Each structure stands twice: as C-alpha cells, then as structure tokens.
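Understanding the architecture of this molecule
Here's the letter readout for the chains.
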Amino acid sequence: MTWSAPVFGFGPSIVQRQSHLPHFAISRARRAPGKRRRAYTQSVIEFRSAAHEDHDRLKYLLRGTADTPYPVATVLAEKLQPGFAGEARVTVAARETELLGCMVTCGKYLRLLAVRRDQRRQGIGSELVALAEERALDEGSDRLIFAAEPGNYFTPGIWRKNDAAIDFLKKRGYTSTSEAVNLTASLTGNPALAVRRPSREIVRAAHDDREEITSWIAQEFGNIWAFEVQRCFEQAQPSLFIHRGKDEIRGFSAHCANNANLGTYGPAGVGREWRRSGYGRGLLLASLADLKARGFDRAIIQWAAALEFYERSCGAIVSERFAIMEKALN
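Our subject in this report is the structure included herewith. In every chain, residue numbers begin from 1 and rise along the written sequence. Local features in this predicted model are restricted to residues of pLDDT 70 or higher, and side-chain atom pairs are both shown and tallied only at a pLDDT of 80 or more, whereas totals for entire chains, interfaces and linings draw on every residue. The basis for every side-chain value is the complete set of non-hydrogen atoms in the structure, without hydrogens or water.

Observations regarding the overall build of the protein chain
Condition: In this description a helix means any DSSP run of H or I spanning at least four residues, a strand means any run of E spanning at least two, and both kinds are numbered starting from the N terminus. Here's how the labels work: a residue is buried when its accessible area is under 20% of the maximum for its type, exposed when over 50%, partly exposed in between, all with a 1.4 Å probe on protein chains only. It only takes one pair of heavy atoms within 4.5 Å for two residues to be counted as in contact. Accessible surface is estimated by sampling points in the Shrake-Rupley manner with a 1.4 Å probe; for residues, cover comes only from the protein chains shown.
Assigned secondary structure in the protein chain consists of 10 helices and 14 strands. Taken over 330 residues, the protein chain has a buried fraction of 52%. A separation threshold of at least 6 residues defines the contact pool for the protein chain, and within that pool the share at least 24 residues apart is 74%. Surface accessibility of the protein chain: about 15700 Å² in total, with carbon and sulfur atoms responsible for 48%.

Written as structure tokens, this is what we have:
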C-alpha cells in the first residue's frame, strides 16, 4: 500500500542525519511455504534508516506497492528532497536483505507508507505508523498528518479510492479533517490553448530574477509557495511565468515544480490589487502551453481551489479526490 508521495533517494548527509533513528527488530511467526497453518518458522523484521545499498530494492518495492492514481517511479528522486518542515527521513522494514516496507517522514507529515503486497496484515504497517508517531512527538509535534505536506507532496491526502488505507488509518485513531482535489486539463485539442494570445507582459522567469520573484511570492502568498517554486529554477528554462507590469510583479504561475515529471501545474496566484483583471487566466494558459511543448498531453492541477475558474478557463475537471487525515498525539 502506498498512500502518499513515494519518497526515495540517498546521499551520505541524509543517511548520517538519520543515524539516531532507533534500530530495533521484531520477531514474527511466518508460515513456512507449502506447509499447513500450524507449521511456522520465525523471522526477524528490522526497522532501520535506509542505506545506500537499499536504493534498487526500494525502487522495486515501491513499483509493486503503489495504490495511487499516478505512477510512483517518475517522482522518486524528487520526493526525498527536503520539505518546508526540514529534512526527509527514510525508514525501511527489512528481513535480512529483503525490503518489506518503508516510510518517509518530514516534521509532522508522513509522506509515504508502503508495505509489500504479500507482507500485509502482519503488523508491519502498524509498526511503521507507531514509529512515525513517536518521531513526531520527539520532534515537538502534537499531531501526525498523512500525505498532505505543503511544499513537497505526491498526493494532497489519501486517495479516496484506496478504501483499505482509509480503513487502516481510522482503526488507528486517524480522522478525515477535509478533502482535497486534483483537476485534469487536456492539452490536446484544448480550445482555450488554440485561441490563446500571448501577452508581452507575461514572460518566463529568468534565473537572475529568482530572489526578486520568490521574495514577492513569499510576501503575497507565504513562505511555503516561495519554497515550492524554488524547484522551477533548477531547470535550464525555469518552469515559471510572471506577469510584470511596468516595474512590478503582478502574478505568477508555476508548473513542473512539485511532482515535476507528472506534468503538474501550480502553485499560481495574482497579487491582491490585480485580481479580477484576467491576469490569472493568461498565466494559466502560458503554463499549459509550456507543458504541452514539453510533451505532456494533460496537466494535473494539484490541490486545487477555485474550481469554477479552472473549468471556465481551460475546461479542467475534477479527476481525483483525497482525504486529508490526521491524528492528535498524546
């Protein structure tokens, strides 16, 4: 079961920072292959920080455990990057060299929980969740939130179609506090793109303007969005457009920022005094046109609000729904 953003990737500094993670093992009765129910062998499952040699095994594990609406492998490297809350921490459940499950946490968020399909219902997922809760408490958090981590997330909550995951969390004291949605906009034969007229005031962001733009976004919309759009500047051509009138920024739209390889859109916004001026639609269409030029046939508008605006501007429809689930920690 993969319930949120698959997170994966390694570097010496990350492993070293995780070295204080409690390393422990549990013994579980495991039915011997080909034997009757009463015949068991003992196996030991270790819960430890991920190491370099786990790299390929984690990839294999996540490919076979994805209960998500989007392909996991395309965003694995990105998902191990730090979040707004700090460094990502990767934990694996292993039997000798065999990986049975994993999780990734960042502050009060659990980005990923995955257990191999043939190893479910043996308590591995429960142990990982318990460890995540202990870690959150140790770091001073009073709650644990699944998946919906602003700034670095795969899905903005638990996929509504994943009934098993939702039931699992409810049994462990988690409640759904709200719902998030992703939209999909077709980029093939979209009439909004066909009639789009580029504006001289809407331009691609330049690397030299990075500090100015991110400072403006932080002032207008908060530090989390400013953190998220930093990834746009990691590309040769920043995947970020701004509306610049005279000598001031009036709005922005980002794409290929979070979950870059999925063809995603957002965040985006227009300054308070310039709203209802048509700038938002122009920025949106500039980003969608760029996504199309990059080879995507549809755009995923993540964690969307203003649903009517997107439907009216580019024909976007709700494609996936997610439950934001969390638990208060004692």
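Overview of the layout of surface pockets
We apply this condition: Only protein atoms enter the 1 Å grid used here. Points where a 1.4 Å probe fits but cannot escape make up a cavity, open sets with protein on both sides within 12 Å along at least five of seven lines make up a pocket, and a residue lines them when an atom lies within 4 Å of a point. Grid points are joined across faces, edges and corners, and a volume is the space filled by probe spheres set on the points. Lys, Arg, Asp and Glu make up the charged group, whereas Ala, Val, Leu, Ile, Met, Phe, Trp, Tyr, Cys and Pro make up the nonpolar group; the residues left over, Gly among them, are polar.
In this model, the largest pocket occupies a volume close to 780 Å³. The wall of the largest pocket is formed by 33 residues, among which Trp225, Ala268, Gly269, Ala306 and Tyr310 lie closest to the centre. Breaking the lining of the largest pocket down by element, the ones donating at least two residues are α8 (223-229), β12 (264-270), α9 (279-293) and α10 (307-314). Per element, the largest residue contribution to the lining of the largest pocket is 6 residues, and it comes from β12. Partitioning the lining of the largest pocket into residue classes produces 20 nonpolar, 8 polar and 5 charged.

With respect to the environment of Arg244
To be explicit about the condition: Pairs of N or O atoms within 3.5 Å make up the polar contacts considered here, provided that, within protein, one atom can donate a hydrogen while the other can accept it, and that residues adjacent in sequence are counted only when both atoms are side-chain atoms.
Tracing the sequence through the fold places Arg244 in strand β10 (residues 240-245). For the pair formed by Arg244 and Val203, sequence separation is 41 residues and the distance between their alpha carbons is 7.6 Å. Within polar-contact distance, the side chain of Arg244 engages the side chain of Glu212 at 3.1 Å.

Here's the deal with the pairing of strand β11 (residues 248-255)
Selection criterion: Only strands joined by at least two bridges in the DSSP assignment are considered to pair.
For β11, the buried fraction is high: 7 of the 8 residues fall into the buried class. Inspection of the sheet shows β10 paired to β11 by 6 bridges, in the antiparallel sense. The residue bridging Ile242 from the neighbouring strand is Phe252, located in β11. Where β10 hands over to β11, the hairpin turn is made up of 2 residues, of which Lys246 adopts a positive phi near 55 degrees. By the bridge criterion, 4 bridges tie β11 to β12 in an arrangement that is antiparallel. Following the sheet pairing, His255 is matched in β12 by Tyr265.

Quick word on the side chain of Arg116
Mapped onto the elements, Arg116 comes out in the loop between β5 (109-115) and α4 (124-138). In terms of polar contacts, Arg116 uses its side chain to reach the side chain of Glu98, at 2.8 Å. In contact with Arg116, other than residues within four places in its own chain, are Leu61, Thr65, Glu98, Leu99 and Leu100.

Some details on the pattern of salt bridges
As a reminder, the rule being used: In what follows, salt bridge is the name for a side-chain nitrogen of Lys or Arg lying within 4 Å of a carboxyl oxygen of Asp or Glu.
On inspection of all chains with the given rule, the structure shows 18 salt bridges. The salt bridge partner of Asp290 is Arg204, with a shortest N-O separation of 2.8 Å. On the criterion of sequence distance, the pair formed by Asp290 in helix α9 and Arg204 in strand β9 (residues 202-204) is long-range, its members being 86 residues apart. Residue Glu248 pairs with Arg250 through a salt bridge whose shortest N-O separation is 3.5 Å.

A word on α10
Condition: By definition, the arc is the one covered by directions from the helix axis to the C-beta atoms.
All buried positions along α10 are accounted for by Tyr310, Ser313 and Cys314. Taken end-on, α10 shows its buried residues confined to a sector of 75 degrees, consistent with a single buried face. Along α10, exposed side chains directed more than 90 degrees from the buried face belong to Glu308, Glu311 and Arg312. Following α10 by one or two positions, Gly315 has its phi on the positive side, about 75 degrees.

Structural notes on the pairing of β5
What counts, and what does not: The crossover handedness rule: strands pointing away from the viewer, path from first strand over the helix to second strand clockwise, crossover right-handed.
Summarising burial for β5: 7 of the 7 residues are buried, a large majority. For strand β4 (residues 98-106) and β5, the ladder comprises 6 bridges, and the chain directions are antiparallel. Following the sheet pairing, Gly101 is matched in β5 by Val115. What sits between the antiparallel neighbours β4 and β5 is a turn of 2 residues, in which Gly107 has the positive phi angle 65 degrees. For β5 and strand β6 (residues 143-146), the ladder comprises 2 bridges, and the chain directions are parallel. In the strand pairing of β6, Leu110 is matched with Phe146. Taken together, β5, α4 and β6 constitute a β-α-β crossover, and its handedness is right-handed.

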